[in-house]
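So you can see what is in the structure, the chains are spelled out below.
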Amino acid sequence: MTPRFKSLTWKQTNLVVFTALFFAIAIFVVEIALVVVTTKQQLTSSQQELLNSVEQTTTNAVWALDDKLAQQTLEGIIKVDNIGSATLELDDGSLFVSVVNEGEDFSENYVILSNRLFGDLKEISRPLYRPFYFEGSKKQQLIGSLTIFYDTQKLTTHLFDQLQLSFIATLARALLLTLVLTVVFHRFLTQPIARISEAIDKIDPDSPDENLLPISKAHKDDELGLVASKFNQILLQFSQTQNKLRKMATRDPLTGLPNRTLLLETLNVTIQRSRVHKRNFALLFIDLDRFKNVNDSLGHALGDQFLARIARILERVVGDKGSVARLGGDEFVVLADDIQSPDQAADFVDKLLMQLNTPLQLNEHTIHPAASIGISIYPDDGNSAEDLIRHADIAMYSAKAAGSNQWAFFKEQMTERAAVRLRTEASLHDALKNNEFVLFFQPKLDINTNKVIGCEALIRWQKDGRIISPMSFIPVAEETGIIIPIGRWVIEQTCKTLRDWQKKYNYVIPIAVNVASQQFADASLVPDIKQLALRYQIRPELLEIEITETSLMNDIEQAIAKLEQLKSAGFGIAVDDFGTGYSSLSYLRHLPITTMKIDRAFVSDLPHDSAIASTILMLGRQLNLTIVAEGIENEEQLNWLRENDCPIGQGFFYSKPLPLDEFESKYIATQSAQIIQL
């Protein structure tokens, strides 16, 4: 939706109006304060003058107890502006004469405001003394007092009447200033900017120097003229460099190789020529393995040097048999138009990989390049440039899945697998939104007593009435990043389950949850776990976080820092699939973990091949870790583990993963008033 255009004149008018009104109100507030102060000073002075003028008369009236004279005097006093009443009292405090003015009724808020403004001047009083001294004494004799009460509401009304005219005048001045400034801004700023805008619309991208911006005489030496002048300079420079940019548009600036644009042009020409001459050719999509490690460990500068050296190697190997292009990052494409058959393509790729695998020396660093290569053949794998590139890309991912330094041809079923992957990705988003995931639970048992002491939460996808194994969707979730919200859902559901068990059965056992590599790398993992445990009032020791060995080795320092936070908060930490990766044992003793799991791949070899399982058990005992053997499937494996003092077991021999209700009825509902701890 296109935003509605708002004129600069209108914006300036609003700004000036609000600014002028703000300052007008501010000045008026200051004026109110000054008027209030002045009025109070004047009132104080007039009060004393009034007292001085009637003091003698009221003294005589009190001394003579002449109530008529007193009445007349007080009636004269209350005729003075803003006086509400006046009283004469005798020296014993008794009322002698009192006169009151009838006042108007005001609202309670108005009375409060009046008292705040003039409350301290509301009442004045003066003592009255005998008209002459006692014989032989200079001491005065008190005979009474005169008290005058002011009507603060009338004072406030009078004050507001004074300020009303002043406010109107101030507001008129502000509006007049607004009008004048608006006209000035429009004449000297908005109109020149509008003319510049019209000139910009007329600029031809192909010939920008033919439509320079106008500079009015009034703005020749100010900021607006400077901006227009600088913009004209940019147009001139742009026009001068445009030819250079056109030349550079088809070349990769880092390696000098053709970029995607030139590659597509070359491919289209090659396709047309091959169609006419009924010839084949091969397209190789090359992705460097572990290039991110080079960039992260050696820096981007050496990473760029590495890419440039790879480009030269590819050019040297390809020679006059085709052309090399760089699509970006660590992706290269080789168009080998001399290759006529898959056998020739395979031989060519083998020679190419052999040359690529030669170690490179960058400064003091030796780098061993490796690559994954996908191959598409024209016309069997596509009749257009886009199809050939896309299919070679798909084949490259197939090669990368097989390991480093591998190559693969494109097959039609690869496209179908890619389509399935896209559909799965979309379905995963819907599944999370529609609450289609469920948790199954597999018990962990004490191998010696067969007592259930914990369990592992395992996610399943319940779609269209059937249960989908995580092996079908977890890899896609990890590739697309949706594994992070899915993982958070698993942790939250686990916390809810622990809370429900505690409330329903007063019995809980620890639950282990798996955390994927991407989820472990996410900065919000630790705060999320702590927050969810706190929200559901879960004791930390009842939640065990299972991390794969590969996750730990991706960034060992960061992994240690995160695990320290979790362990210090009381959560259990288990290393899953230990021994299947390539971690260094020197790091293991620094990891703040509580549990180590023997991978099912090593348990399945028992009791015939027990070397690795024995090593893990010995290592766990030396590091004071809890050892869990997973994937126990028969009694022979269990007996070996029991004989070698493995404390905890898990696997199909005991139980397959069960839905929540079955697990509860079998392992939780039969217990009561117990809490099992790791």
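The preceding data block contains the structure.
Residues numbered from 1 in each chain as written. Predicted model: local features only at pLDDT ≥ 70, side-chain atom pairs only at ≥ 80, totals over all residues. Heavy atoms only, no water.

J.: What is the right way to look at unusual backbone geometry in this model?
T.: Among all residues except glycine, the phi angle is most often negative; among peptide bonds, the trans geometry is most common. Residue Pro-379 is bonded to the preceding Tyr-378 through a cis peptide linkage, with omega at 5 degrees. Tracing the backbone shows Pro-379 in the loop between strand S10 (371-378) and helix H10 (385-401). Here the residue pair Leu-606 and Pro-607 is connected by a cis peptide bond, since its omega of 0 degrees sits within 30 degrees of zero. Mapping Pro-607 onto the fold places it in the loop between helix H19 (600-603) and helix H20 (611-622). Positioned with a positive phi, Leu-65 is a non-glycine residue whose angle comes to about 50 degrees. Examined against the element boundaries, Leu-65 turns out to sit in the loop between helix H1 (8-63) and helix H2 (67-78). The exposure class assigned to Leu-65 is exposed, which follows from its relative accessible area of 52%. Phi at Asn-624 takes a positive value of approximately 60 degrees, unusual for a residue other than glycine. Inspection of the secondary structure assignment puts Asn-624 in the loop between H20 and strand S20 (626-630). (Helix = DSSP H or I, 4+ residues; strand = E, 2+ residues; numbered from the N terminus. Buried < 20%, exposed > 50% of the residue type's maximum accessible area, 1.4 Å probe, protein only.)

J.: Just checking my understanding: could you explain the sheet that holds strand S7 (residues 331-336) for this structure?
T.: Working definition: the strands of a sheet are paired by backbone hydrogen bonds and lie parallel or antiparallel to each other. If you trace the 5 strands from one edge of the open sheet to the other, you get S6-S7-S5-S10-S11, paired in mixed fashion. Lying at the two open borders of the sheet, with one neighbouring strand each, are strand S6 (322-328) and strand S11 (407-409). Shown here is a sheet whose adjacent strand axes are inclined to one another by a mean of 20 degrees, direction ignored. Across the sheet, helix H9 (residues 342-356) is in contact with strand S5 (281-288), S7, S10 and S11; its angle to S10 comes to roughly 155 degrees. (Pairing = 2+ DSSP bridges. Axes fitted to C-alpha atoms, helices over the stretch in contact; angles between N-to-C directions. Contact = heavy atoms within 4.5 Å.)

J.: I keep staring at the sheet that holds strand S2 (residues 95-100) and nothing clicks. Help me out?
T.: Taken together, 4 strands build an open sheet; the order of strands is S2-S1-S4-S3 and the sheet is antiparallel. This sheet does not close on itself; its edge strands, each paired only once, are S2 and strand S3 (123-129). Adjacent strand axes in the sheet meet at a mean angle of 10 degrees, parallel and antiparallel pairs treated alike. For strand S1 (residues 83-90) and S2, the ladder comprises 5 bridges, and the chain directions are antiparallel. Within the sheet, the bridge partner assigned to Ala-86 lies in S2 and is Val-99. Most of the contacts of H2 go to S2, to which it runs at about 35 degrees, and overall it touches S1, S2 and strand S4 (142-150).

J.: Hey, could you run me through the pattern of salt bridges in this one?
T.: Here the idea is simple: oppositely charged side chains can pair when their charged atoms come close. Inspection of the entire model under this criterion finds 18 salt bridges. The residue Asp-252 makes a salt bridge to Arg-326 at a minimum N-O spacing of 3.0 Å. In this pair, Asp-252 is assigned in the loop between helix H5 (223-248) and helix H6 (260-277) and Arg-326 in strand S6, connecting sequence segments 74 residues apart. For the pair Asp-252 and Arg-326, a shared accessibility class is recorded, and that class is buried. Close ionic contact of Lys-400 with Asp-287 constitutes a salt bridge, the shortest N to O distance being 2.9 Å. Taken as a pair, Lys-400 in helix H10 and Asp-287 in strand S5 lie far apart in primary sequence, 113 residues in all. Under the relative-accessibility criterion, Lys-400 is labelled partly exposed at 30%. When its relative accessible area of 9% is taken as the criterion, Asp-287 is described as buried. Taken together, the salt bridges that share partners define one network made up of Lys-444, Glu-456, Glu-544, Glu-546, Lys-597 and Glu-630. (Salt bridge = Lys/Arg side-chain N within 4 Å of Asp/Glu carboxyl O.)

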